[in-house]
Amino acid sequence: MSQLYVTELLATYLADHRDDPCYQELRYLIDSMDAEEQVNLVALMWLGRGDYFPDEWQDALSDARLNLSNHTAEYIIGTPLVADYLEEGLSALGYSCTE
């Protein structure tokens, strides 16, 4: 799948949800995070998605810092299964969503 196609697909998905109050609240929450919080959120998602192993956490953080942009909220929200990835990332680091 080409990067252009993915970008167009993401733009279409987000355009369809711009008026959704849940989307707006989540975007506001992520946009309100400072840069390091956003970096941790992206790295956690990548860890849960299997892009990194727990012992590569520092690498995930470094790569997330390099890729941080003004579109982080859209990137996270537009990632299918993001909630599952975040939960899996927490679990990989020894945390639980119920704690």
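In this text the structure is predicted, and so the values were computed from the model without any measurement. (Residues numbered from 1 in each chain as written. Predicted model: local features only at pLDDT ≥ 70, side-chain atom pairs only at ≥ 80, totals over all residues. Heavy atoms only, no water.)

## Let's talk about the environment of Val42
Structurally, the position occupied by Val42 is in helix H3 (residues 35–49). For the pair Val42 and Ala60, spaced 18 residues apart in sequence, the C-alpha separation works out to 8.5 Å. (Helix = DSSP H or I, 4+ residues; strand = E, 2+ residues; numbered from the N terminus.)

## What to know about helix H6 (residues 82–92)
Every buried residue belonging to H6 is among Val82, Tyr85, Leu86 and Gly89, and all of these are buried. What you see down the axis of H6 is that its buried residues fit within an arc of 100°, all on one side. Buried residues belonging to H6 abut H3 and helix H5 (72–77). Gly94 lies just past H6 and shows a positive phi near 90°. (Buried < 20%, exposed > 50% of the residue type's maximum accessible area, 1.4 Å probe, protein only. Arc of directions from axis to C-beta. Contact = heavy atoms within 4.5 Å.)

## Describing unusual backbone geometry
Phi is positive for Leu81, which is not a glycine, with a value near 65°. When you line up the elements, Leu81 lands in the loop between H5 and H6.

## Quick look at the pattern of salt bridges
For the coordinates displayed, the defined rule picks out 4 salt bridges. For Arg27, the salt bridge is made with Asp31, and the minimal N-O distance between the two is 3.2 Å. Of this pair, Arg27 and Asp31 both sit in helix H2 (residues 21–32), separated by 4 residues, roughly a single helical turn. For Asp31, a relative accessible area of 38% corresponds to the partly exposed category. In this structure, Arg27 and Glu74 form a salt bridge, with 2.7 Å as the shortest nitrogen-oxygen distance. Separated by 47 residues along the polypeptide, Arg27 in helix H2 and Glu74 in helix H5 bring together distant segments of the chain. (Salt bridge = Lys/Arg side-chain N within 4 Å of Asp/Glu carboxyl O.)

## Describing the confidence of the model for the chain
Of the residues in the chain, 81% reach a pLDDT of 70 or more, and the chain-wide mean stands at 85. In the model, residues 1–7 has pLDDT below 50 throughout and makes 1 contact with residues more than four positions away in sequence or in other chains. (pLDDT = per-residue confidence, 0-100.)

## Focus: the packing of aromatic side chains
Applying the stated criterion across every chain, the model contains 1 aromatic pair. Judged by centre distance (6.0 Å) and plane angle (25°), the ring pair of Trp46 and Tyr52 falls under stacked. Of the two residues, Trp46 and Tyr52, neither departs from the other in class, the shared state being buried. (Phe/Tyr/Trp six-rings, centres within 6.5 Å; stacked < 30°, edge-to-face > 60°.)

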